[in-house]
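# Inside the fold
One-letter residues, chain by chain:
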Amino acid sequence: MAQTQKKQQDMGTGDVKKLLLQLMIPAVVAQVVNLLYNIVDRIYIGHISGIGAAALTGVGLFTPILMLLNAFAMLIGSGGAPRTAIAMGQGDKKQAEKIVSNSFTMLLLFSVVLTIVFYAAAPTLLRLFGASDTTLPYALTYSRIYILGTICVLIVLGMNTFITAQGFAKISMLTTVIGAVINIILDPILIFGLFGAPRLGVAGAAVATVTGQCVAAVAALIMNLKCNPDIHIVPRKIRFHGPTVKNIYRIGFPSIVMQCIGSVMVFGVNRILISFTTTATAVFGAYFKLQSFIFMPVFGLNNGMVPIVAYNYGAKKPDRVKKTIKLAIFSAVAIMAVGLAAFELAPGALLSLFDASENMLAIGTPALRIIALSFVLAGFCIISMSVCQAIGNPIYSLVVSVCRQLVVLLPVAWLLSQTGNLTLVWLAFPIAELMSLTLSAIFLRKTLRMAERAMTQSAS
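Quick caveat: nothing in here was measured; it's all calculated off a predicted structure.

## Overview of helix H14 (residues 358–371)
Across its 14 residues, H14 extends 20 Å between first and last C-alpha, which sits within 8% of the 20 Å expected from 1.5 Å per residue. Within H14, the axis deviates most sharply at Gly364, by approximately 30°, and proline Pro366 lies no more than four positions further along. The complete set of buried residues in H14 reads Met360, Ile363, Gly364, Thr365, Ala367, Leu368, Ile370 and Ile371.

## So, the packing of helix H4 (residues 63–89) against helix H15 (residues 375–391)
A packed helix pair is summarised by two numbers, namely the angle formed by the two axes and the spacing between the axes. Two numbers describe how H4 lies on H15: the axes approach to 9 Å, and their chain directions differ by 70°. Overall, the two elements H4 and H15 adopt an arrangement that is roughly perpendicular. Handedness of the crossing formed by H4 with H15: right-handed. Residues Ser78, Pro82, Arg83 and Ile86 of H4 pack against Gln389, Ala390 and Ile391 of H15. Class assignment of the residues belonging to the contact of H4 with H15 gives a composition of four nonpolar, two polar and one charged.

## Thoughts on the environment of Ala219
Mapped onto the elements of the fold, Ala219 is located in helix H9 (residues 202–227). Considering only alpha carbons, one finds Ala219 and Ser172, 47 residues apart in sequence, at a separation of 9.5 Å. In this structure Ala219 touches Thr175 and Ile178, once residues within four positions along its chain are discounted.

## Notes on unusual backbone geometry
Among all residues save glycine, negative phi is the norm, and among peptide bonds the norm is trans. The residue Phe195 is not glycine, and still its phi comes out positive at about 55°. Residue position: Phe195 is located in the loop between helix H8 (169–192) and H9. Given the relative accessible area of 76%, Phe195 is considered exposed. Residues other than glycine seldom take positive phi values, yet Lys316 does so here, at roughly 60°. The residue Lys316 is located in the loop between helix H11 (278–314) and helix H12 (318–345) in this model. You can call Lys316 partly exposed: its relative accessible area is 27%.

## Re the pattern of salt bridges
Enumeration over the complete set of coordinates arrives at three salt bridges. Here Arg127 makes a salt bridge to Asp133, at a shortest N to O gap of 2.6 Å. Judged by relative accessible area, Arg127 falls into the partly exposed class, the value being 39%. Taking the relative accessible area as the measure of exposure, Asp133 reaches 61% and is therefore exposed. Linking Lys322 and Glu452 is a salt bridge whose minimum nitrogen-to-oxygen distance equals 3.2 Å. Here the residue Lys322 occupies a position in helix H12, and Glu452 occupies one in helix H18 (residues 428–459), the gap between them amounting to 130 residues. Since its relative accessible area comes to 32%, Lys322 is described here as partly exposed.

Parameters and conventions
Sequence order as written defines the numbering, with residues in each chain counted from 1. Thresholds applied to this predicted model are a pLDDT of at least 70 for local features of residues and 80 or more for the giving and counting of side-chain atom pairs; totals over whole chains, interfaces and linings are not thresholded and use all residues. To get the side-chain values, take all heavy atoms of the structure and skip hydrogens and water. Put simply, DSSP marks the helices as runs of H or I at least four residues long and the strands as runs of E at least two long, and each gets a number from the N terminus on. Multiplying 1.5 Å by the helix residue count minus one yields the expected span of that helix. To obtain the bend at a residue, axes are fitted to the seven residues ending there and to the seven starting there, and the angle between these axes is taken. Exposure is judged per residue with a 1.4 Å probe applied to protein chains only, and the accessible area is read against the type maximum: over 50% gives exposed, under 20% gives buried, and values in between give partly exposed. Under this scheme, a helix contributes an axis fitted over its contacting stretch, all axes are lines through C-alpha atoms, and angles between N-to-C directions fall in the 0 to 180 degree range. In this scheme, roughly parallel covers angles under 35 degrees and roughly antiparallel covers those over 145, while 65 to 115 is roughly perpendicular and the rest are oblique. Helix crossings are classified by the rotation of the near helix relative to the far one: an anticlockwise turn of less than a right angle makes the crossing left-handed, while a clockwise turn makes it right-handed. Note on definitions: a residue-residue contact is assigned when non-hydrogen atoms from the two residues lie within 4.5 Å. Three classes are used, and their members are as follows: Ala, Val, Leu, Ile, Met, Phe, Trp, Tyr, Cys and Pro are nonpolar, Asp, Glu, Lys and Arg are charged, and the others, Gly among them, are polar. For salt bridges, the criterion is a side-chain nitrogen of Lys or Arg within 4 Å of an Asp or Glu carboxyl oxygen.

Rendered as structure tokens:
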């Protein structure tokens, strides 16, 4: 109890810089560990004797389904966690517990529905995503085992956001690391049949992943209850409460839509690029992998910023809200400036990590330099839209995402492609980000004015 009260007191009175680092660093570490696990997992699968290439391709086809599962966890996490932090800032323990309990219930409900739907639809979906007669068996084996562990996946991804929102970022990190480490240890044992274990191949990779997620889910629940006895899941409050559920959906819905929009954008850009050459699509794929390392600390910063802003918004402390937002924006822009420098100064070296051919380097070098011009602008937009989603109007972030990726980026990319000059197509990214910056600045200003009025009126 004392630890919980101290954490909550820190959120309202502690040094903002220190708080941001305390919540940001564990989030970044967790993301890095997850990224490393994904790399190691694919390496092991690729080395399965005789079927490595086909198995790796098949498992890769599961990615769209995985993204959808993650999106539903994000719906609850991004919708419920900020509301929990606001309730904590208001000192309303009952409301905070109601939000957490209802969110947990929805995660369980989604798990049941998604497991049934995706398990039955897996063959059709995998064919739609490009599975051939050769790759379908591996894709289906991996997919169905993973899908059976959906409940654990959603609990880990969904509930960890609530742990972070309560100021326990290290616990959230620990649960993620536990799952990833177990996965990495079990992967070679179950894939290749080491230490007397059966040789399961692709099925072994899926079993290792699900086992790691299940252990992580149990750890997330136990650690949340043990380390934070003040705000936790209450059985009698697990029953649906209409207004609470509606509020969670209202705030979280843009997240799931934005993830779907992102998939549409990638699909559309690839269709445009492939009209020039398949190497251009390879460059775009390499860019996405590279930019994840640049954006990762910004998303970690974002994860640390949201609960601090939401808590102090609930506690009616406008000065701390503004200070946190300003510091987060400055830090995000600085991080993205470093990424911009890396992409401008060493694009060839970055592409060489993917064993790039001379043709890929010729296409990719100007591509990375042009796309990177949007980085600094993106840093501001990421923080701004998260603030709007957490304490203001969540529709703002959805509007910006739709306008950036569907209204501007894709049409501009298509128009530029009509010139026949591939290099010009990449300009669609900084152009779209300029529009995003304009809308983000307008919406952030409106949100802060609304928030200040709400905090001032409540305080008086």
